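Tertiary structure, described
Each chain is listed here by its residues.
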There are 2 protein chains.
Amino acid sequence: MCRSKGLRITGPRRIIISVISEMADYPDIVELHRRIQAVNRRISLSTVYRNLRQLVEAGMVIRHTFEHGRSRYELAGRLHHDHLVDHKTGKLIEFHSPELETLLDNLAAQHGYKVVGHRLQVYVEASTAADPQD
Amino acid sequence: MCRSKGLRITGPRRIIISVISEMADYPDIVELHRRIQAVNRRISLSTVYRNLRQLVEAGMVIRHTFEHGRSRYELAGRLHHDHLVDHKTGKLIEFHSPELETLLDNLAAQHGYKVVGHRLQVYVEASTAADPQD
DNA sequence: TTGCGTGCAAATCCTTTGCAGTCCA
DNA sequence: TGGACTGCAAAGGATTTGCACGCAA
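These figures come from a predicted structure and were not determined experimentally.

Rules used throughout
- Residues numbered from 1 in each chain as written.
- Chains lettered and ligands numbered in written order.
- Predicted model: local features only at pLDDT ≥ 70, side-chain atom pairs only at ≥ 80, totals over all residues.
- Heavy atoms only, no water.
- Salt bridge = Lys/Arg side-chain N within 4 Å of Asp/Glu carboxyl O.
- Helix = DSSP H or I, 4+ residues; strand = E, 2+ residues; numbered from the N terminus.
- Near = heavy atom within 4 Å.
- Polar contact = N/O pair within 3.5 Å; in protein donor to acceptor, adjacent residues only side chain to side chain.
- Nonpolar A, V, L, I, M, F, W, Y, C, P; charged D, E, K, R; others polar.
- Domains from an automatic or database assignment.
- Contact = heavy atoms within 4.5 Å.
- Buried area = accessible area lost by both parts, 1.4 Å probe.
- UniProt positions renumbered as here; feature names shortened; annotations may be inferred.
- Buried < 20%, exposed > 50% of the residue type's maximum accessible area, 1.4 Å probe, protein only.

This next bit is on the pattern of salt bridges. Overall, the coordinates contain 12 salt bridges over all chains when judged by the stated rule. When the shortest N-O distance is used, the salt bridge between B:Glu125 and A:Lys114 registers 3.7 Å. One end of the pair, B:Glu125, is in strand β5 (residues 113-126); the other, A:Lys114, is in strand β5 (residues 113-126), on a second chain. Sharing partners across several salt bridges, the network here consists of A:Asp25, A:Glu31, A:Arg34 and A:Arg35.

This is the structure we're talking about:
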C-alpha cells in the first residue's frame, strides 16, 4: 500500500502503520506517540505527525477535530458512523443511524441540495436513574 | 445584563458588546477585533478574547470550532440551528429540524445518555435536475 | 479604597517546518 | 548514490496568562 503511494517503507513508518492499523479507539497524537514509542523509543513526535498527515491524505486514517485541543484519529474504511461524546469523560460512543441519514437527505433536498458528507458530534452526559428534571 | 453577572461596565466592554450584538454573521476573533478597533483603536486582542470568553460563558455568544484555524463566533439567543455547507462555494444555509433533535435525543437515550448539545455540519452540493446517478 | 479590567508581552498548546544527518530503493 | 525520511529544535498560529497600572463601584 505504501509502495502504491510512492512511500518508502522505513523502520519508523512500519511501526507507525502497525500501531495505527491496530487502533480500535480514537487516540490523539500524544497517545499514539506513546504507543509507538513503546515499540521504538527513538521515534519522534514530528515523524508521527508527518506520517499521520500522509495516511490521512492516503485515506487510511480519518482526522477528527472535536472541540479545541488535540485532534483525534480513527482508522478509516469502516462503516460510516457518528459519535456521542461524553463531555465529562471524553469517551466516544459510535452509532449509525440510517434514519439520520435519510433525514439529512430530505433536509438537503428541501433546500435544493444533495448531501455529500457530514460531521456530527452529539455531546452527552450520563443520564442516571436519579434525574428529577427532564 | 452585565451587572447581573457581576461584570463591570467598562469602556472597552461597552464597545465589545455593542459590536457583538450587531453581528449577523460568523466572524472570527481577528475580524471582531478589527470591527472593535474601528470604534476604539486602543482595545487589545487579549481584551476581546477575555470578554468573548465571558460572553460565551454567559450564554450570549456561541463559539463555533469548525475545521482548524480560528474559532468563529455567533450571537446566541436565536433559534437553535445547524448548517448545510455548500462545499463548492463555502456558503452556509441555516436550518432547524425538531425531528433531528428528537432523533438525537432518542439515540442518546438508547445508550443511556442525554444530549447536552451537538455540532452538525452537512456538506452538500447543488442537486440540479440533471442527475443520472443516485 | 478595592479589586476587577486592561494592555502588553510572554507563555502555552498544538502543529508544522528548516536543517543536517540517515538510510531505503 | 539520490532523494525521501527522520530527529531535533525552532517557528507558527491560536489562545491564555502574569504583571503592573487604571478605573468602576
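Attention now goes to the protein's contact with DNA strand D. Around DNA strand D lies a shell of 23 residues, among which A:Arg8, A:Arg13, A:Thr47, B:Tyr49 and B:Arg53 are the nearest. Here the atoms of DNA strand D within 4 Å of the protein split so that 65% fall in sugar or phosphate, with bases taking the remainder. Within the side chain of B:Arg8, a nitrogen or oxygen atom sits 3.4 Å from a base nitrogen of DNA strand D. B:Tyr49 has a polar side-chain atom sitting 2.5 Å from a phosphate oxygen of DNA strand D. If you list the elements that add at least two residues to the surface near DNA strand D, you get α1 (11-22) and α3 (45-57) of chain A together with α3 (45-57) of chain B. Its residues placed into classes, the surface near DNA strand D shows five nonpolar, eight polar and 10 charged.

On to the domain arrangement of chain A, then. One frequently used descriptor of interface size is the decrease in accessible area upon assembly of the parts. All names here are of chain A. Split by domain assignment, chain A resolves into domain 1 (3-75) and domain 2 (82-124). Averaged C-alpha coordinates put domain 1 and domain 2 at centres separated by 26 Å. Counting from both sides, the interface comprises seven residues of domain 1 and, opposite them, eight residues of domain 2. Buried area between domain 1 and domain 2, both sides added, is near 600 Å², and the carbon and sulfur share of it is 54%. For the domain 1 face of the interface with domain 2, the top three residues by lost area are Tyr26, Phe66 and Arg72, together amounting to 70%.

As a further point, take the UniProt feature "binding site: Fe cation" (unreviewed entry) in chain A. Residue and element names in this part refer to chain A. UniProt feature "binding site: Fe cation" (unreviewed entry): in the numbering of this structure it lies at His80, Asp82, Glu101 and His118. Taking the farthest pair of C-alpha atoms as the criterion, the annotated set spanning 39 residues converges on one region, since that pair is 10.6 Å apart. Among the structural elements, aspartate 82 can be located in strand β3 (residues 82-86). Aside from chain neighbours lying at most four places away, what touches aspartate 82 is Ile93, Glu94, Phe95, Leu100, Glu101, His118 and Leu120. By the secondary structure assignment, histidine 118 is in strand β5. Histidine 118 gets classed as buried once you look at its relative accessible area, which sits at 14%.

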